[in-house]
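Listed below are the residues making up each chain.
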Amino acid sequence: MLILLLKVCCMNFLKYPLLPFSLLYSGITCTRNWLYDAQVLESSSFRVPVICIGNLTVGGTGKTPHVEYLVQVLAKKQVAILSRGYKRQTTGFVLADETATAATIGDEPFQYYLKFFGVTVAVCEDRVKGINKLLQIKPHLEVVLLDDAYQHRPVKAGLNILITDYYRLFYQDYVLPAGRLRENRFGAKRADVILVSKCPEGLPEKDQTEITNQIKKYCKPDTPVYFTTYRYLKPVAFGKEIGFTKQIVLITGIAQPGPLLQYLKENGFEVVKHFSFPDHHRYKPEDLTEIINFAALKARDGLCFLTTQKDWTKLNSLEFRNQVKELPFFYLPIKVAFLAGQEAFNALITKEAN
C-alpha cells in the first residue's frame, strides 16, 4: 500500500511542472475547435452518411473492436472504412487490395481488410480527400466509417462516437503533456454517443450511473452513454498445428495489455513469459529470434504462443511465416458486448446510415 501511495505521489509531482504546457496545448486545440464551430474554418459534408469513431485519449481505448462491431451492425449496407493508417510505410490515399500488408496500410486497417470480405478499406491522412476518392472509386457506397477521426474537424460527420476506456476515463485525465488527452475534456460536447469501453462484465448499475453523471458534466445533456465489454473467443491457430493449452508465452504490441492479462489470470492461464512491445510495434526478425530462443530455452511440453488479432496481422506476414510455422502460435479474437442498451445503440446506428 505504501509503495502504491509513493507511486501516485511521484506521478502527481512529475505532472505539476507540465501543467503550463498542457494549458498552452489546451488553448491551441480549443481555439482550433472554436474556429470550426464558428465556421471560420470549413468542414465538408458528403452525399453518404459518415460515422466517426474516436476518442479524447491518446491510444488504446478500443476503437478497433468497436469499428468491427459497427461493420456487423451495418452488414446489409455497402460500407467503407477510412483510416489514416498510423505508422504505415506509405503516404497518401491507398485502397486495400490483395497486395496490402500491415506495412502498406497499417495494422488495424489490414485487420479490417482480412476480416471483412466485401467491405472497402482505405487509408488517407486527408480524410476529405480520402472520402472523395472512395466515392469516386466506389460510387455505390452507402456509409463511411471514419476510424480514429474525432479530432479531424475538416470532415463534418453525421454521427460522432466517442470512446473512453473504463480504466482511463477522460474526465479523470489531463491534456498532453501532463496527461494523455488530445484536447480539453469539453471536447466531449461534440459527441453524439459516448461508449465506455473495456468495462468489467459485472459492472454494478450504481457504478455505471456514477460514471454517466461524471461524463454528463462535459457532454451535451441528451448524449446517450453506453457501457461495453470485451468477450474473448476461442484461440485461432496460425503456426504449428497442435492442441491449445493454457501454458502460454504472450506476445502483445498494444497500448493497454492490462485487460487481456486480467482475463488470462481470471481464466486459469499461466503466462510463462510476456513479450510486451509498444502499440503498433513493427516486428523485426530479431524479435522473432528472441521469442524462438526463449522457446528453445524452455523446451517445455504444451507451451503455446498467444498474441492479439492486431499482432497476428504482422506476425503472420510472409516475412515471418517460416519462423512462425515452427511454433504453436495462436491469436485471441475479441468482440464487443454491451452491458445494456445494445438494441437502442444499434437502432441509432441503423437510423444514421439510412
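Look above for the structure.
Everything numeric here is computed off the predicted structure, so don't read it as measured data. (Residues numbered from 1 in each chain as written. Predicted model: local features only at pLDDT ≥ 70, side-chain atom pairs only at ≥ 80, totals over all residues. Heavy atoms only, no water.)

### Things to note about the sheet that holds strand 12 (residues 304-308)
Move 1: Pairing within the open sheet is mixed, and its five strands lie in the order 9-13-12-10-11. The sheet is open, and its two edges are formed by strand 9 (236-237) and strand 11 (270-276), each paired on a single side.
Move 2: Relative to strand 12, strand 10 (residues 247-252) runs parallel, the two being bridged by four bridges. For I251, the partnering residue across the bridge sits in strand 12 and is T307. (Pairing = 2+ DSSP bridges. Helix = DSSP H or I, 4+ residues; strand = E, 2+ residues; numbered from the N terminus.)

### As for helix 9 (residues 285-298)
Move 1: Given a rise of 1.5 Å per residue, 14 residues ought to cover 20 Å, and the 20 Å separating the end C-alpha atoms of helix 9 matches this to within 8%.
Move 2: Residues D287, L288, I291, F294 and A295 constitute the buried set of helix 9. The arc that holds the buried residues of helix 9, viewed along the axis, is 120 degrees, so those residues lie on one side. Of the exposed residues in helix 9, those oriented more than 90 degrees away from the buried face are A296 and L297. (Expected span 1.5 Å × (residues − 1). Buried < 20%, exposed > 50% of the residue type's maximum accessible area, 1.4 Å probe, protein only. Arc of directions from axis to C-beta.)

### Concerning the side chain of H66
Move 1: For H66, the position within the fold is in helix 3 (residues 63-73).
Move 2: Discounting chain neighbours no more than four positions away, the residues touching H66 are I163, L195, S197, T228 and V336. (Contact = heavy atoms within 4.5 Å.)

### Some points on the packing of aromatic side chains
The description of an aromatic ring pair uses the distance of the two centres, along with the angle that the planes make with each other.
Move 1: Using the criterion set out here, one finds 20 aromatic pairs in the structure.
Move 2: Ring geometry for Y230 versus Y232: centroids 6.4 Å apart, planes at 90 degrees, classification edge-to-face. Grouping residues by exposure puts Y230 and Y232 together as buried.
Move 3: Taking 5.9 Å as the distance between ring centres and 85 degrees as the angle between the ring planes, the aromatic pair formed by F275 and F294 counts as edge-to-face. Taken together, the positions of F275 in strand 11 and F294 in helix 9 put the pair 19 residues apart, joining distant regions of the chain.
Move 4: The class for F294 is buried, based on a relative accessible area of 13%.
Move 5: An aromatic cluster is built from Y230, Y232, F244, Y263, F269 and F330, whose rings are joined through pairwise contacts.
Move 6: Sitting over the ring of Y174, R185 keeps its end group 5.5 Å from the ring centre.
Move 7: One cation-aromatic arrangement involves K273 over F275; the distance from NZ or CZ to the ring centre is 5.3 Å. (Phe/Tyr/Trp six-rings, centres within 6.5 Å; stacked < 30°, edge-to-face > 60°. Lys NZ or Arg CZ within 6 Å of the ring centre and 35° of its normal.)

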